[in-house]
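The chain contents come next:
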Amino acid sequence: MTGEIESRERAWQARWKEVGLGKARAQPGHPKFSLVFAYPGTSGFMHVGHMRGYTFADMIARFHRMKGEEVFFPAGIHASGLPAVIFAGKVARRDPDTIEGLKHWGARDEDLPGLEDPATASRFLARTYWKVWERFGLILDESANVSTIDSDYQQFIRWQFLRLERLGRLVQKPYFAAFCPRSGPVSVDPSETDLERGGNAEIVAYTALPFRLPDGRFLLCATLRPETVYGATNVWVPTEGSLFEWSHDGRTYLVSETGREKLLEQVGGERGADVAVDALITQEVEAPLTGEKMRLLKSPLVDPHVGSGAVMSVPAHAPADWVAVQELEEPTRSLLASHAKVLLTLPEESLAPSERELFRGDGPPAAQAVRSLGVKGLSDTERLQEATERVYRAEHAHGVMTVLGHEGESVQRARERVAEAALARVGAVEIREFSEPVVCRCGETVIIRKVPDQWFLAYGNGGWKDQVRAHLRGMSVYPAEYRDELPRILDWFEDRPAVRRGKWLGTPFPKDPRWIIEPIADSTFYPAYYVVRRFVSAGKLKVEELTPEFFDYVFRGEGDGGGHVGSDLLEEVRREFLYFYPLDLNLGGKEHKRVHFPPFLYNHVALLPPELCPRGIFVNWWITRDQAKVSKKDIKGGALPTVDRALSDLGADGLRLYYAIASTSSQDIEWDLPSAERYAERAQEALRSVRPLLEGLSSWTLPSLELSTHVDRWFSSALAGATRRAREAFEENDLRSAAEVVYVEIPGLIRRYRAKGGKEATLLRGAGSLWVRLLSPITPHLAEEAASSSGLGLVATAPFPGPDVLPIFPEAMAREAMVDLLEDDVQSLLKAWKSPVAELRVFVASGWKTEAERALLDAFRGGTAHDLGSVMKVLRTHETLKSHLPDLPAWLKLYDLRELAVASSKRGPPLAPAEEQALWNESVPYLRERFGLATVSVLKEEDAASADPKGRRLRARPGRPALFLVEPATKGLLPGPR
RNA sequence: GCUGGCGUAGCAAAGUUUGGCCAAAUGCGACGGACUCAAGAUCCGUUCUCGCAGGAGUUCCCAGGUUCAAAUCCUGGCGCCAGCACCA
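Only a predicted model underlies this, so the values are computations on that prediction, with no experimental measurement involved. (Residues numbered from 1 in each chain as written. Chains lettered and ligands numbered in written order. Predicted model: local features only at pLDDT ≥ 70, side-chain atom pairs only at ≥ 80, totals over all residues. Heavy atoms only, no water.)

### Re the overall build of chain A
(1) Moving on: Across its full length, chain A carries 32 helices and 33 strands.
(2) Moving on: In terms of overall dimensions, chain A is more spread out than a globule: its C-alpha atoms have a radius of gyration of 39 Å, far above the 30 Å expected for 978 residues.
(3) Moving on: Viewed in the frame of its principal axes, chain A has a C-alpha envelope of about 120 × 80 × 55 Å.
(4) Moving on: The proportion of buried residues among the 978 residues of chain A is 54%.
(5) Moving on: Looking at chain A alone, contacts between residues at least 24 apart form 75% of all its contacts between residues at least 6 apart.
(6) Moving on: On chain A, roughly 42200 Å² of surface is accessible, and the fraction owed to carbon and sulfur atoms is 50%.
(7) Moving on: The centroid of the 124 positive side-chain charges in chain A is displaced by 4 Å from the centroid of its 135 negative side-chain charges. (Helix = DSSP H or I, 4+ residues; strand = E, 2+ residues; numbered from the N terminus. Rg over C-alpha atoms; globule rule 2.2 N^0.38 Å. Buried < 20%, exposed > 50% of the residue type's maximum accessible area, 1.4 Å probe, protein only. Contact = heavy atoms within 4.5 Å. Areas by Shrake-Rupley, 256 points an atom, 1.4 Å probe, with all protein chains shown as cover. Lys, Arg positive; Asp, Glu negative; His and termini not counted. Charge placed at Lys NZ, Arg CZ, Asp CG, Glu CD.)

### Side note on the environment of Pro 703
(1) Moving on: Mapped onto the elements of the fold, Pro 703 is located in the loop between α22 (673-690) and α23 (710-731).
(2) Moving on: Judged by relative accessible area, which is 40%, Pro 703 ranks as partly exposed.

### Things to note about the protein's contact with RNA strand B
(1) Moving on: Lining the immediate environment of RNA strand B, one finds 57 residues, of which His 78, Tyr 175, Ser 187, Arg 751 and Ala 832 sit closest.
(2) Moving on: Counting only the atoms of RNA strand B that lie within 4 Å of the protein, the sugar and phosphate share comes to 63%.
(3) Moving on: Contacts to RNA strand B include Arg 500, whose side-chain N or O atom sits 2.5 Å from a phosphate oxygen.
(4) Moving on: Between a sugar or linking oxygen of RNA strand B and a side-chain N or O atom of Glu 518, the distance comes to 3.1 Å.
(5) Moving on: Broken down by element, the surface near RNA strand B gets its largest block of residues, six residues, from helix α27 (residues 810-832).
(6) Moving on: A per-class count over the surface near RNA strand B returns 22 nonpolar, eleven polar and 24 charged. (Near = heavy atom within 4 Å. Polar contact = N/O pair within 3.5 Å; in protein donor to acceptor, adjacent residues only side chain to side chain. Nonpolar A, V, L, I, M, F, W, Y, C, P; charged D, E, K, R; others polar.)

### Looking at the domain arrangement of chain A
(1) Moving on: Domain assignment breaks chain A into domain 1 (1-141 + 621-666), domain 2 (150-166 + 518-581), domain 3 (203-434), domain 4 (672-808) and domain 5 (826-966).
(2) Moving on: Put simply, the middle of domain 2 and the middle of domain 4, counted by C-alpha atoms, are 44 Å apart. (Domains from an automatic or database assignment.)

### Re the pattern of salt bridges
(1) Moving on: Scanning all chains against the criterion turns up 63 salt bridges.
(2) Moving on: Between Lys 67 and Glu 69 there is a salt bridge, with the nearest N and O atoms lying 3.3 Å from each other.
(3) Moving on: Residue classification places Glu 69 among the buried positions, given a relative accessible area of 16%.
(4) Moving on: Residue Glu 286 pairs with Lys 293 through a salt bridge whose shortest N-O separation is 3.9 Å. (Salt bridge = Lys/Arg side-chain N within 4 Å of Asp/Glu carboxyl O.)

### Focus: the side chain of Asn 620
(1) Moving on: The residue Asn 620 is located in strand β27 (residues 616-620) in this model.
(2) Moving on: Those residues in contact with Asn 620 that sit more than four places away from it in its chain are Gly 53, Phe 56, Gly 588, Gly 589, Lys 590 and Ser 665.

### Details of the sheet that holds strand β32 (residues 935-940)
(1) Moving on: On the basis of which strands lie adjacent, the open sheet formed by three strands has the order β32-β31-β33 and mixed pairing. Of all the strands in the sheet, the pair left with one neighbour each is β32 and β33 (962-966). The average angle at which neighbouring strand axes cross in this sheet is 20°, direction not considered.
(2) Moving on: Two strands pair when backbone bridges link them, and strand β31 (residues 839-844) and β33 are joined in this way by five bridges, in the antiparallel orientation. When the bridges of β33 are listed, Glu 839 appears paired with Val 966.
(3) Moving on: On top of the sheet, α27 reaches β31 and β33; it is set at about 40° to β33, its chief contact.
(4) Moving on: Against the sheet, helix α32 (residues 913-931) touches β31 and β32, its axis set at about 175° to β32. (Pairing = 2+ DSSP bridges. Axes fitted to C-alpha atoms, helices over the stretch in contact; angles between N-to-C directions.)

### Details of the sheet that holds strand β1 (residues 32-37)
Neighbouring strands of a sheet are bound in pairs by backbone hydrogen bonds; such pairs are parallel or else antiparallel.
(1) Moving on: Spatially, β2-β1-β26-β27-β22 is the arrangement adopted by the five strands of the open sheet, whose pairing is parallel. If you trace the sheet from one side to the other, it starts and ends with β2 (70-72) and β22 (476-478), each paired once. Neighbouring strand axes in the sheet, compared pairwise and without regard to direction, differ in orientation by 15° on average.
(2) Moving on: Docked against the sheet, helix α17 (residues 526-537) engages β1, β2 and β26 (585-589), running at close to 110° with respect to β1.

### Let's talk about the packing of helix α24 (residues 735-755) against helix α25 (residues 761-775)
(1) Moving on: Taken N-terminus to C-terminus, the directions of α24 and α25 make an angle of 170°; their axes are 11 Å apart at the nearest point. Between α24 and α25, the angle falls in the class roughly antiparallel. Facing Val 742, Tyr 743, Ile 746, Pro 747, Ile 750, Tyr 753 and Arg 754 of α24, the residues of α25 in contact are Leu 763, Leu 764, Trp 771, Leu 774 and Leu 775.
(2) Moving on: Looking at the contact of α24 with α25, its residues break down into eleven nonpolar, no polar and one charged. (Parallel < 35°, antiparallel > 145°, perpendicular 65-115°, else oblique.)

### Side note on the packing of helix α18 (residues 548-556) against helix α19 (residues 567-580)
When two helices pack together, their arrangement is given by the angle between the helix axes and the distance between those axes.
(1) Moving on: Where α18 contacts α19, the axes come no closer than 8 Å and their chain directions differ by 45°. Relative to α19, α18 is oriented oblique. In this structure, α18 crosses over α19, and the sense of that crossing is right-handed. Contact residues: α18 offers Phe 550, Tyr 553, Val 554, Phe 555 and Arg 556, while α19 offers Leu 570, Glu 571, Val 573, Arg 574 and Phe 577. (Left-handed = near helix turned anticlockwise from the far one by under 90°.)

### Observations concerning the pairing of strand β11 (residues 242-248)
When a strand is regular, its side chains alternate between the sheet's two faces.
(1) Moving on: Here β11 pairs with strand β13 (residues 270-276) via five bridges, running antiparallel. By the bridge assignment for β13, Phe 244 is matched with Asp 274.
(2) Moving on: Sheet topology note: the β11/strand β12 (residues 251-255) ladder contains five bridges and is antiparallel. Bridging from a neighbouring strand, His 248 pairs with Arg 251 of β12.
(3) Moving on: Here β11 hands over to β12 after two residues, with Asp 249 in that stretch at a positive phi of 60°.

### Re the packing of aromatic side chains
Any pair of aromatic rings gets described here by the distance separating the centres and the angle formed by the planes.
(1) Moving on: Counted under the stated rule, the structure contains 49 aromatic pairs.
(2) Moving on: For the pair Phe 37 and Tyr 54, a centre-to-centre distance of 4.5 Å together with 50° between the ring planes defines the contact as tilted. Taken together, the positions of Phe 37 in strand β1 and Tyr 54 in helix α2 (residues 51-66) put the pair 17 residues apart, joining distant regions of the chain.
(3) Moving on: With relative accessibility at 3%, the residue Phe 37 sits in the buried group.
(4) Moving on: Taken together, the aromatic side chains of Tyr 153, Phe 156, Trp 159, Phe 525, Tyr 529, Phe 550, Phe 551, Phe 555, Phe 577 and Tyr 581 make up a single cluster linked through ring pairs.
(5) Moving on: The residue whose ring lies beneath Arg 62 is Trp 16, and the NZ or CZ to ring-centre distance is 4.3 Å. (Phe/Tyr/Trp six-rings, centres within 6.5 Å; stacked < 30°, edge-to-face > 60°. Lys NZ or Arg CZ within 6 Å of the ring centre and 35° of its normal.)

### Looking at the side chain of Asp 552
(1) Moving on: Relative to the helices and strands, Asp 552 resides in helix α18.
(2) Moving on: A relative accessible area of 9% means that Asp 552 is categorised as buried.
(3) Moving on: Once residues lying within four places of it in the same chain are set aside, the contact partners of Asp 552 are Trp 159, Arg 163, Arg 166, Gly 557 and Glu 558.

### Side note on α19
(1) Moving on: Under the 1.5 Å per step criterion, the end-to-end length of α19 is 20 Å for 14 residues, consistent within 8% with the ideal 20 Å.
(2) Moving on: When we look at burial in α19, the residues that qualify are Leu 569, Leu 570, Val 573, Arg 574, Glu 576, Phe 577, Tyr 579 and Phe 580.
(3) Moving on: Buried-residue contacts for α19 involve β1, β2, α17 and α18. (Expected span 1.5 Å × (residues − 1).)

### A look at the nonpolar core
(1) Moving on: Grouped together as the largest cluster of nonpolar side chains are 108 residues, with contacts concentrated most on Leu 35, Phe 37, Leu 102, Trp 133 and Phe 715.
(2) Moving on: With eleven residues, helix α21 (residues 643-661) is the single largest residue contributor to this core.
(3) Moving on: Here this core gathers at least three residues from each of two domains, domain 1 (1-141 + 621-666) and domain 4 (672-808).
(4) Moving on: Setting aside chain neighbours within four positions, we find Leu 102 in contact with Phe 45, Phe 87, Val 91, Ala 107, Leu 112, Leu 115 and Phe 124.
(5) Moving on: Core analysis: the second largest hydrophobic core is formed by 73 residues, Leu 164, Val 499, Tyr 529 and Phe 600 among them. (Core = buried A, V, L, I, M, F, W, Y, C linked by side-chain atoms within 4.5 Å.)

Following this line, the structure appears as structure tokens:
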């Protein structure tokens, strides 16, 4: 069966292509819908996880196409950056998985050497992506297909950056970058593409405080907690070796050798002589800011490779210092311990219970933590580290300073102020350091180097940011969580490096071609370029004609286009751009929330007027496996099925339905083959159910129908309602709700219609006509398949059913709801009733109850009634109810008055008893069938006394009849009317 | 660290913004039944506990609180997950 599905799907894909479904035409005046998905980087082969977002885009595109809009749905390839370089590297070393993948996609042995070239590998991968998209039924505009390493795209990027620079959106300032002394710039990230280890390292900035030696030189102590200088009791120096002179800004400092190298890279300055530690040890130093004198002491605590090679000792707040002091010999130990000065308080109420546990007993915080955790000594590194981290964190989060000059200040604030003061006034310097060792692939230790003239995109610029905020207010962002989050992301969005010097694919920076434009920066404004690319693909525009002047005119309407392109063509390109822009929707995975979408918005608002800026963003979550992100780089031996495998097992439609319905788009789906199979099966069921309904149809226009029976009227109304809800869900890009209506609710309605005896063929054909079109956006192949034997033509181009496709009969809906209610009542009776049932008697409420209920509702609506007493008072005055006064209290007990007070306004008037009786009579066959009852009788309350030995009939309310079940063996009790 | 998300019956997942018709939709699974030579599909029933009259009890991570009324609001706690840090 599966092979058959696959070949049919391919046939329909070919058909769509044949009729040019994807090719968008600019038709000024005609509504259009432009959308893109964040184009993929070329890092490896696609698997079913990636396809979720792409098929969502296609579903949305198909919906809009069926609504009659001109849909522009292009796609491209983001080849920039490192991924293709890495992939080519895998080819070069003949990585088995990579080679297997390549062979699978048709590479031959003789192609492999060529694929060692990143650009070639990237183009190869790009072709596989397009094939996969096609196999999932995406209808893309191929004429806009572009890769970011194509020369025309690079012309576009050059223009974009020149333009941004002229608009003042690029700024130059110093930057600290990871740098391998042998291999050059590297990127520090967990994928460790450049690295041997240390991918999770972050750059932390130490403040190195100068402690003055008697001879005027300074000992540099690097710290992350400069505010604790007020509690320093001594300075630790290495147990052996030397310190080294480093001169900068007129001062001479002593630091470790590696510390000096860092400072030379990051700050500048000059080397000087070296000094043995032993030659210094007898001297006292003067602490910065406080002026306190203190001793130098040797300690194994000092790692010359970290920081500056000396550290200040703050025993009150640093567990390691506290322990180190305890291990000193007397009398130094007691002396220093007694000087350990507590600098801050930790307000009890702000601490978490676990923190309160940590800080108890006597002594300064560090001593408390050391005791609580049972730190044995300096060699007990594990516990010591935990103590350090927890003290550090608690004090940072909750600490309030008590030191003179900083009283009442938060530790966070004090830290900033002290650091600033130290840098400005006493010659402190900043040292940047990785939080863990970072080692390059080449084996060299990666360092941090200052880049003095790095180019940034000035995303932190307040004015630019405000422009983005202002535009964002008018945009549609899905899901709502992201809409709310985006402004907060903008709050902290900062300037972003725009170029880099490294070995990766991308466009040279036009201001200085030694730099290559950073991959995220070259993928922000690209949806605009798709329009131009169509002309390049068609051979109408040449690469060299794509000058800055040309783009200025096409995108911004500025200047005359530079004269290289004929004015007719120039105008045509401009017209197409103005037709297809603004972009209506940009779709991307959740990983783009903070990386791609904000720059995408920034660059648009910088380059285009507001009316041409994007209108929508859609974020989708992932297909995951074992709670780990599954992405191209993670795929290892069948973590997820390959695309081919999944397609042949489930079919494209099966997968598409699974993507849409298994979870909301804003939630990850953990890949689960059995449930994917079930949805695939459900898709096939839909095909089997809808196909017979379409026989003989040759037009999408529904015939006008004479619907006289309730069941027909109800079915018509219910279908119309479902259609409306499906359409609204698609409108809101709520694919899961749409899928639920289309694949669960509608087949349920059809089944129920038949169970109720519905058989109006024209109406059923109408249902089929609606349903097959509703099926098309999510499962397009099977929709075509279903319609193929009718005379309807392609479903993909059929009009999407509007809100008024079928007549709605409110009273039929209301009646159906009443029957539902009765059905529920009967069911709950039968549930509690264990013996066999011969007959169900339905007692319709007397006419006076109808009157009474009307009066009751009026009273509540009018506010004259609110409790039992007032209700009685009101009802007593009614002429018609006079004769039933004694019955009123029992009747009122049937109602929940409190609820009526809330809901009275929503309730319609009750049905007249005769009408109600007719309705129940009509439902008799259904109820008999439904509950397997031999007899169902409908009786009026007032003349059923003899048929109601237990007095159940008194429970009857308008619209809610009383019920009585009769046992078969009950003899003598049945002199009833029937 | 910064920024988000999540915790609902066997599983998945609505409901939470706007408290009440919520024992809590829907789907799946499971069990029982009808149909069938049989399977699938379909249909019916059950799926927190109790109940031979339409009901009662105990539930929506935990503990408090607000309220006539809490899955929903507030406070605190526990647990899980994700994104980001020049990575596309």
